[in-house]
Amino acid sequence: MKQWEVVIGIETHAQLSTQAKIFSGSSTAFGAAPNVQANAVDIALPGVLPVLNRGAVICAIRFGLAVDAKIAPRSVFARKNYFYPDLPKGYQISQYELPVVLGGKLAIPVGESEKVVSLTRAHLEEDAGKSLHEGLGQHFRGRSGIDLNRAGTPLLEIVSEPDMRSSAEAVAYARTLHALVRWIGICDGNMQEGSFRCDANVSVRPVGQPHFGTRREIKNLNSFRFMQQAIDYEVQWQIATLEDGGSIEQATVLFDPESGETRAMRSKEDAHDYRYFPDPDLLPLLIDQQWIEQIRSQLPELPTAKRERLIADYGLSAYDAKVLTSSLELVGYYEAAVATAGKANAKTCANWVMVDLTARLNKEDREISESPVSAEQLGGLLARIGDGTISTNIARKVFDALWSGEGSSADEIIARQDLQQISDSGSLETLLDELLAANPAMVAEFRAGKEKAFNALVGQAMKATRGKANPQRVSDLLRKKLG
């Protein structure tokens, strides 16, 4: 039976984090009433001229630097001509032959290793409006509406090479790119609001065949789960079609989440169909090296470098470093906690941030920026575990109190509730002598080889001290007394 290889390339539209549109001063805020954020430039009234938003260019340069791409010293805006009801000009201003970002690469996780996906380009363009077919009210039943609020919204279209060979790799690429554009502050990444949308170009070919098969483009995938489902279905459909003796026609398709299937929307256009030509209203975009270096100096430490530093400075595992650098906000919180707790407690900090804090945030559907426990408060709490003031179990009670706002610091709560750990050998020995005298049966069971009896005795000691005894000291002293 013939073996097939999957070939996938991804085109991503990232909405840039500017307050105004790419060629006008209209707001880009989400959620406004239809058509209130579309001015004369956006709807192409006669006589108006576009003016390029400097902030959008800065975002493009930041991205190019983050993926080690070439920033073009001269790039040109072009008109992409096509007719669609939500495209008021009858053309979209984009970049074609001379984009602002050329090449680049993105390392994605594949199993326990990494794979480098090459980027073709990233270019600036404006978004179109939006056609609305539902929810227009009974006066417009059976009709469609056009909302031009999005028209002119700045986008960076990021095009990968066809380097991915499975839906899992495609999703890993999309997730990595999503995290990166948020990390460098050029896109909020909100997929529900359309700020980050992916198109997947999918084809299959017999294993060993050098040239690519005919691709079909799956448009507007706005969730990672849908991306995987759509690609998996499309791959199965293409293979089944070819094995049945059919052929694949280049086309644009949509994914239906309810049926789990892709369906053809239109035959795929080639570049010549759009009649690209340089926009006569916009001068070429010139970017000098001094401006590039200025923007480079303002970039945050990038994820790969940050992971390497966490491993080197704090002794974290590669896994811990990967989880903590999943967002700039999370790793920022972690490093602020370590700054308070001390480097000696770096691993404990990592565990608490990744497990206890994250679980609590997820349970209450909060972002890290909304945590009731600040990084400094958590660091102060973990410092008290590190110096033996409290046990881990007591620390969780203090954490709950901090979360509920019952104190401004761990030290305050520990002092007010008298939670200091008992580590004094004299006090613990007296307690354990009384405990052993009161539980001769458990002592006999332990000496008969039943380890569970020892654990039960430790539990009794912890209960007697309301969890305040140092569990390691209790265990050590108890074994010594039991011989």
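The name an unreviewed UniProt entry assigns to the protein chain is Aspartyl/glutamyl-tRNA(Asn/Gln) amidotransferase subunit B, from the organism Candidatus Accumulibacter phosphatis. The protein chain has a UniProt comment under Sequence similarities (unreviewed entry) that states "Belongs to the GatB/GatE family. GatB subfamily." UniProt, in the comment section headed Subunit (unreviewed entry), describes the protein chain in these words: "Heterotrimer of A, B and C subunits."

Undergrad: How do you make sense of helix α3 (residues 224-243) when you look at a structure like this?
TA: Structurally, the α-helix is built with 3.6 residues per turn, so residues lying three or four positions apart point the same way. With 20 residues, α3 should cover 28 Å at 1.5 Å per step; its first-to-last C-alpha distance of 29 Å lies within 8% of that length. Taken from the residues just after α3, G245 is the one with a positive phi, measuring 90°.

Undergrad: Help me out: how do you make sense of the packing of helix α7 (residues 328-341) against helix α9 (residues 375-386) in this one?
TA: Each pair of packed helices can be summarised by the angle the axes make with each other and by the distance between the axes. At their nearest, the axes of α7 and α9 sit 7 Å apart, and the two run at 45° to each other. Overall, the two elements α7 and α9 adopt an arrangement that is oblique. Handedness of the α7/α9 crossing: right-handed. Contacts between α7 and α9 pair Y333, A336, A337, T340 and A341 from the former with A375, E376, L378, G379, G380, L382 and A383 from the latter. Its residues assigned to classes, the contact of α7 with α9 comprises eight nonpolar, three polar and one charged.

Undergrad: Sorry, what's going on with α9 here?
TA: Taking 1.5 Å per residue, twelve residues should reach 16 Å; α9 reaches 16 Å between its end C-alpha atoms and fits that length. Burial analysis of α9 places nine of its twelve residues in the buried class, which makes it a mostly covered element. Those residues of α9 lying buried are A375, Q377, L378, G379, G380, L381, L382, A383 and I385. The secondary structure elements touched by the buried residues of α9 are α7, α8 (346-363), α10 (392-403) and α11 (410-416).

Undergrad: Any chance you could explain the pattern of salt bridges here in plain terms?
TA: Should the charged atoms of two oppositely charged side chains come close, the side chains can pair. A complete count under the given rule lists 26 salt bridges for this structure. For D281, the salt bridge is made with R79, and the minimal N-O distance between the two is 3.1 Å. Note that D281 is positioned in the loop between β16 (277-278) and β17 (285-286) and R79 in strand β4 (residues 78-81), a separation of 202 residues in sequence. For R79, a relative accessible area of 13% translates into the label buried. Residue E293 pairs with R296 through a salt bridge whose shortest N-O separation is 3.0 Å. Of this pair, E293 and R296 both sit in helix α4 (residues 289-297), separated by three residues, roughly a single helical turn. Overlapping salt bridges bring together E301, K306, R309, D313 and E335 as one network.

Undergrad: Got a minute to help me understand the nonpolar core in this structure?
TA: Formed by 108 residues in total, the largest nonpolar core has its most connected members in F63, L124, I158, Y173, Y334 and V398. Both domain 1 (4-291) and domain 2 (301-417) contribute no fewer than three residues apiece to this core. With residues near it in sequence (within four places) discarded, I158 still touches I10, E11, T12, A14, F63, L119, R121, A122, Y173, L177 and V181. Counting twelve residues, the second-largest nonpolar core is a separate cluster that includes L431, L432, L436 and L477.

Undergrad: Mind showing me how you'd approach the state of the cysteines here?
TA: By definition, a disulfide links the sulfur atoms of two cysteines through a covalent bond. Evaluation of the coordinates by the stated rule reveals zero disulfides. The structure places no disulfide on C59, whose sulfur is separated from the nearest cysteine sulfur, that of C187, by 9.1 Å. With no disulfide of its own, C198 lies closest to C187 among cysteine sulfurs, the gap being 10 Å.

Undergrad: Looking at this model, I keep getting lost on the packing of aromatic side chains. Mind explaining?
TA: Any two aromatic rings considered together are summarised by their centre-to-centre distance and by the angle between their planes. Counted under the stated rule, the structure contains eight aromatic pairs. Here the aromatic rings of Y314 and Y334 are separated by 5.8 Å at their centres, their planes lie at 85°, and the arrangement is edge-to-face. Linking Y314 in helix α5 (residues 303-314) with Y334 in helix α7, this pair joins segments that are 20 residues apart in sequence. By relative accessible area, Y314 is classed as buried at 16%. The class of Y334 is buried, set by a relative accessible area of 0%. Taken together through their ring pairs, the aromatic side chains of Y82, Y96, Y274 and Y276 make up a single cluster. The lysine or arginine in question, K80, covers the ring of Y274, its NZ or CZ lying 4.5 Å from the ring centre. Directly above the ring of W237 sits R216, whose terminal nitrogen or CZ lies 4.0 Å from the centroid.

Undergrad: Is there a simple way to think about the environment of R215 in this case?
TA: Residue position: R215 is located in the loop between β12 (196-206) and β13 (216-221). The exposure class of R215 is partly exposed, given its relative accessible area of 35%. Taking C-alpha positions, R215 is 9.5 Å from A200, a pair spaced 15 residues apart along the chain. One polar contact links R215 to N201, side chain to side chain, over a distance of 3.3 Å.

Undergrad: When you look at unusual backbone geometry in this model, what are you seeing that I'm missing?
TA: Trans is the prevailing form of peptide bonds, just as negative phi is the prevailing case for residues other than glycine. Phi angles above zero are rare outside glycine, and N220 is one such case at about 55°. Mapped onto the secondary structure, N220 falls in strand β13. Judged by relative accessible area, which is 45%, N220 ranks as partly exposed. Here the phi dihedral of R275 falls at roughly 50°; this positive angle occurs in a residue that is not glycine. Among the secondary structure elements, R275 is positioned in the loop between β15 (261-267) and β16.

Scoring rules and cut-offs
- Residues numbered from 1 in each chain as written.
- Predicted model: local features only at pLDDT ≥ 70, side-chain atom pairs only at ≥ 80, totals over all residues.
- Heavy atoms only, no water.
- UniProt positions renumbered as here; feature names shortened; annotations may be inferred.
- Helix = DSSP H or I, 4+ residues; strand = E, 2+ residues; numbered from the N terminus.
- Expected span 1.5 Å × (residues − 1).
- Axes fitted to C-alpha atoms, helices over the stretch in contact; angles between N-to-C directions.
- Parallel < 35°, antiparallel > 145°, perpendicular 65-115°, else oblique.
- Left-handed = near helix turned anticlockwise from the far one by under 90°.
- Contact = heavy atoms within 4.5 Å.
- Nonpolar A, V, L, I, M, F, W, Y, C, P; charged D, E, K, R; others polar.
- Buried < 20%, exposed > 50% of the residue type's maximum accessible area, 1.4 Å probe, protein only.
- Salt bridge = Lys/Arg side-chain N within 4 Å of Asp/Glu carboxyl O.
- Core = buried A, V, L, I, M, F, W, Y, C linked by side-chain atoms within 4.5 Å.
- Domains from an automatic or database assignment.
- Disulfide = S-S within 2.5 Å.
- Phe/Tyr/Trp six-rings, centres within 6.5 Å; stacked < 30°, edge-to-face > 60°.
- Lys NZ or Arg CZ within 6 Å of the ring centre and 35° of its normal.
- Polar contact = N/O pair within 3.5 Å; in protein donor to acceptor, adjacent residues only side chain to side chain.

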